[in-house]
Amino acid sequence: MCTTGFFRLGPDDYLLFKNKDFGRESFDDRLVLEPDVFGVEGVTTWAGTDPDLDRFSGFSIGANSSGLLVCDSNVRTLDDHANYDDLVEIALREGTDVPSGVAAVERAVAARPYLWANLVLIDRHGQAAVEVRSRRTAVLRPDRPTARSNHHTELGVHPENDDRLTTLDRIASAQGRLDRAASLNEILELLRSHDQGDTGVCNHLGYSTVYSYILRHRAGTTTLMVSRGRPCEASPPLELELPFGPAWSPDSLDDFLAAYPSDRVPVASQAP
């Protein structure tokens, strides 16, 4: 389970956020960091309790050097479908903005069925939410800050969705806070919030929030704010600049990976 969304702080200052909820209380991220793309690897076994059985693919959240930010949240897991995290990676590798990222997702979904999901995308000029249900997509183009959780609003709530208990409350809480927000600090407060108690945006019940993220693009630079563990209990998030383009080097890659809060090795990366 996850809570996600996007928000604009100014004309060339926008962000994407995500709380990653998992089937166990601790988790170690794996990363992909290249000169033109960054991603936190996705996991199809998010409900599993044994880390040795984790299956990674795609990106659960990421950015590219064009300023496109994308992330996803689960709706329903099906054994014979491709991982929706692959769609985030496809959008970031094939897209340079929201329209081209959405088009890449639509092409992929038309070609094969994917696990049900919600994707959110934002760039300097626009934003979108994409609902994915097997081979179907629904594209929403909201004109305000928008939150998503673990059900579809356009394609409709399905009785076999993986979360039928907390998703409606979390999206209501997150959207209400977004509607009132005017600063980065209020987005951080959103990620730590418990408006519905233990099933708040910071989740303690059933699934536990194991990481929180804010990707922010401002005046040509993309930064990641990341916190490991439940954000209501964790230390202040670590802020890291993504070394895209001319800033990328083996040394900048090593520095980023050394600072990132994860004990998992090896970390996935690729040289130019």
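These figures come from a predicted structure and were not determined experimentally.

Caption draft 1: Here's a closer look at the overall build of the chain. Along its length, the chain carries 5 helices and 13 strands. The C-alpha atoms of the chain give a radius of gyration of 17 Å, which matches the 19 Å a tight globule of 272 residues would have. If one aligns the C-alpha atoms of the chain with their principal axes, the spans along those axes are about 50 × 40 × 40 Å. Scored against the burial criterion, the 272 residues of the chain give a buried share of 57%. Long-range pairs, those at least 24 residues apart, make up 60% of the contacts in the chain between residues at least 6 apart in sequence. For the chain, the accessible surface area stands at approximately 11,100 Å², while carbon and sulfur atoms represent 48% of it. The averaged location of the 41 negative side-chain charges in the chain is 4 Å from the averaged location of its 27 positive side-chain charges.

Caption draft 2: Structural context of the nonpolar core. Residues Phe 38, Leu 224, Phe 256 and Tyr 260 are the most contacted members of the largest nonpolar core, which totals 31 residues. Of the residues forming this core, the biggest block, 4 residues, is contributed by strand 11 (residues 208-218). Core analysis: the next-biggest nonpolar cluster, separate from the first, contains 29 residues, Ile 90, Val 98, Trp 116 and Leu 119 among them.

Caption draft 3: How the structure looks around helix 3 (residues 167-180). Helix length check: helix 3 (14 residues) gives 20 Å between terminal C-alpha atoms against 20 Å at 1.5 Å per residue, within 8%. Those residues of helix 3 not exposed but buried are Thr 167, Arg 170, Ile 171, Ser 173, Ala 174, Gln 175, Gly 176 and Leu 178. Close packing links the buried residues of helix 3 with strand 1 (2-10), strand 2 (13-22), strand 10 (146-148) and helix 4 (184-192).

Caption draft 4: Examining the packing of aromatic side chains more closely. Scanning the entire structure with this criterion turns up 6 aromatic pairs. Taking 5.8 Å as the distance between ring centres and 10° as the angle between the ring planes, the aromatic pair formed by Tyr 211 and Tyr 213 counts as stacked. Relative accessible area serves as the criterion here: at 0%, Tyr 213 is assigned to the buried category. An aromatic cluster of three or more residues is present, and its members are Phe 38, Tyr 211, Tyr 213, Phe 256 and Tyr 260. A cation sits over an aromatic face here: Arg 30 above Phe 56, 4.3 Å from the ring centre. One residue, Arg 76, lies across the ring of Trp 116, its end atom 5.0 Å from the ring centre.

Caption draft 5: Looking closely at the sheet that holds strand 1. Strands sit in the order 10-1-2-11-12-13 across an open sheet of 6 strands; the sheet is antiparallel. In this open sheet, the two strands that pair with only one neighbour each are strand 10 and strand 13 (238-241). Neighbour-to-neighbour, the strand axes of the sheet open up by a mean angle of 15°, direction not taken into account. For strand 12 (residues 221-228) and strand 13, the ladder comprises 4 bridges, and the chain directions are antiparallel. For Leu 224, the partnering residue across the bridge sits in strand 13 and is Leu 240. With respect to the sheet, helix 3 is in contact with strand 1, strand 2 and strand 10, its orientation differing from that of strand 10 by roughly 165°.

Caption draft 6: Quick look at the sheet that holds strand 9 (residues 136-140). Spatial strand order, 3-4-5-6-7-8-9: 7 strands in an open sheet with antiparallel pairing. At either end of the open sheet lies a strand with only one pairing partner, and these are strand 3 (31-33) and strand 9. Between one strand axis and the next, the sheet turns by 25° as a mean value, whatever way the strands run. Sitting on the sheet, helix 2 (residues 98-111) touches strand 7 (114-122), strand 8 (127-134) and strand 9, and the angle it makes with strand 8 is about 5°.

Here is what the cut-offs are and how they apply
Each residue is numbered by its place in its chain's sequence as written, counting from 1. Since the coordinates come from a predicted model, pLDDT governs what is reported: local features require at least 70, and pairs of side-chain atoms require 80 or more to be given and counted, while whole-chain, interface and lining totals use all residues. To obtain the side-chain values, all non-hydrogen atoms of the structure were included, while hydrogens and water were left out. Every helix listed is a DSSP run of H or I at least four residues long, and every strand listed is a run of E at least two residues long, numbered separately from the N terminus. For the radius of gyration, the atom set is restricted to C-alpha positions; the globular benchmark scales as 2.2 Å times the number of residues to the power 0.38. The cut-offs for exposure are 20% and 50% of the maximum accessible area for each residue type, with area from a 1.4 Å probe on protein chains only; residues under the lower value are buried, those over the upper are exposed, and the others partly exposed. When checking whether two residues touch, look at their non-hydrogen atoms; a contact exists if any pair is within 4.5 Å. Note on areas: these come from Shrake-Rupley sampling with a 1.4 Å probe, and a residue is covered only by the protein chains present in the view. Only four residue types enter the charge count: Lys and Arg as positive, Asp and Glu as negative, with His and the chain ends excluded. For this purpose, a charge sits on NZ of Lys, CZ of Arg, CG of Asp or CD of Glu. Take the buried Ala, Val, Leu, Ile, Met, Phe, Trp, Tyr and Cys residues and link them wherever side-chain atoms come within 4.5 Å; each set so joined is a nonpolar core. Working rule for helices: expected span equals 1.5 Å times residues minus one. Any pair of Phe, Tyr and Trp rings, taking the six-membered ring for Trp, is counted once the centres come within 6.5 Å. Such a pair is stacked with planes under 30 degrees apart, edge-to-face with planes over 60 apart, and tilted for the rest. Counting as a charge over the ring demands two things of the Lys NZ or Arg CZ atom: a distance within 6 Å of the ring centre and an angle within 35 degrees of the ring normal. Whether two strands pair depends on DSSP finding at least two bridges between them. Fitted lines through C-alpha atoms give the axes, limited to the stretch in contact for helices. The angle between two N-to-C directions lies from 0 to 180 degrees.

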